[in-house]
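If you want the building blocks of each chain, they are given just below.
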Amino acid sequence: QVQLVESGGGLVQPGGSLRLSCTASGRIFSVNVMGWYRQAPGKQRDLVATITRGGSTSYADSVKGRFTISRDNAKNTVYLQMNSLSPEDTAVYYCNADLLWVGLVWGQGTQVTVSS
């Protein structure tokens, strides 16, 4: 069984930073695209950023210049460095991964709250 486990969420003041991590474990042959999504209360789940196995990245316009996605292929781990956080970034953050022979797998989510 394959699972993704996120960590690093929490409460941070406006202007602060957080770093999220997400590690895939289990019977894994290869991890293709990995990504971060977020869902605020009462809203749909939106794309935040994605990264290919080769390191190509894409970002939602709302986070460009503030968030950075990266990955460690040897550890099957994706990171999301979030800087200059604002209350509008408050949401549950989910990672996902496209795994060879398995398909798309989601993590359980980690809460990020930006508040003074």
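This text follows the structure it describes.
For clarity, every value in this text was computed on a predicted model and none was experimentally measured.

A word on a nonpolar patch on the surface
Logical step 1: Residues Phe29, Leu100, Trp101 and Val102 make up a contiguous nonpolar surface patch of roughly 480 Å² in combined accessible area.
Logical step 2: Tracing the backbone through its elements, the reader meets Phe29 in the loop between strand 3 (18-25) and strand 4 (31-39).
Logical step 3: The class for Phe29 is exposed, based on a relative accessible area of 52%.

A look at the state of the cysteines
Logical step 1: Evaluated as defined, the whole model comprises one disulfide.
Logical step 2: At a sulfur-sulfur separation of 1.9 Å, the disulfide partner of Cys22 is Cys95. Between Cys22 and Cys95, the S-S dihedral sits near 45°, and the bridge is therefore right-handed. Here Cys22 is found in strand 3, whereas its partner Cys95 is found in strand 9 (residues 91-99), with 73 residues between them in sequence.
Logical step 3: Residue class for Cys22 comes out buried when judged on its relative accessible area of 0%.

A closer look at the pattern of salt bridges
Logical step 1: Under the counting rule described, the total for this entry stands at three salt bridges.
Logical step 2: In the salt-bridge network here, residues are joined through shared partners; they are Arg38, Arg66 and Asp89.

Side note on the packing of aromatic side chains
Logical step 1: In the structure shown here, the tally under the stated rule is one aromatic pair.
Logical step 2: Across the ring face of Tyr94, the terminal group of Arg45 is positioned such that the distance to the ring centre comes to 3.6 Å.
Logical step 3: Taking NZ or CZ as reference, Arg45 lies 4.7 Å from the ring centre of Trp106, over its face.

What counts, and where the lines are drawn
Numbering of residues begins from 1 in every chain and follows the order in which that chain's sequence is written. Side-chain atom pairs in this predicted model are given and counted only at pLDDT of 80 or more, local residue features only at pLDDT of at least 70, and totals for whole chains, interfaces and linings cover all residues. Hydrogens are left out, water is left out, and the side-chain values use all remaining heavy atoms of the structure. Candidates for patches are residues over 30% relative accessible area with no salt bridge; among them, like charges are joined within 9 Å and nonpolar side chains (Val, Leu, Ile, Met, Phe, Trp, Tyr) within 5 Å. For accessible areas, the Shrake-Rupley method is used with a probe of radius 1.4 Å. Any residue's cover is judged against the shown protein chains and nothing else. For salt bridges, the criterion is a side-chain nitrogen of Lys or Arg within 4 Å of an Asp or Glu carboxyl oxygen. We count a stretch as a helix when DSSP gives it H or I for four or more residues in a row; a strand needs E for two or more, and each element gets its number in order from the N terminus. Note on classification: 1.4 Å probe, protein chains only; a residue is buried when its accessible area is under 20% of the maximum for its type, exposed when over 50%, partly exposed between these limits. The rule for a disulfide is simple: a pair of cysteine sulfur atoms within 2.5 Å. Between 30 and 60 degrees the pair is tilted, below 30 it is stacked and above 60 it is edge-to-face, where a pair is any two Phe, Tyr or Trp rings, Trp via its six-membered ring, whose centres lie within 6.5 Å. Consider the ring centre and the ring normal. A charge sits over the ring if Lys NZ or Arg CZ is within 6 Å of that centre and within 35 degrees of that normal.

Honestly, that's just the spatial picture; any functional story needs more than this.
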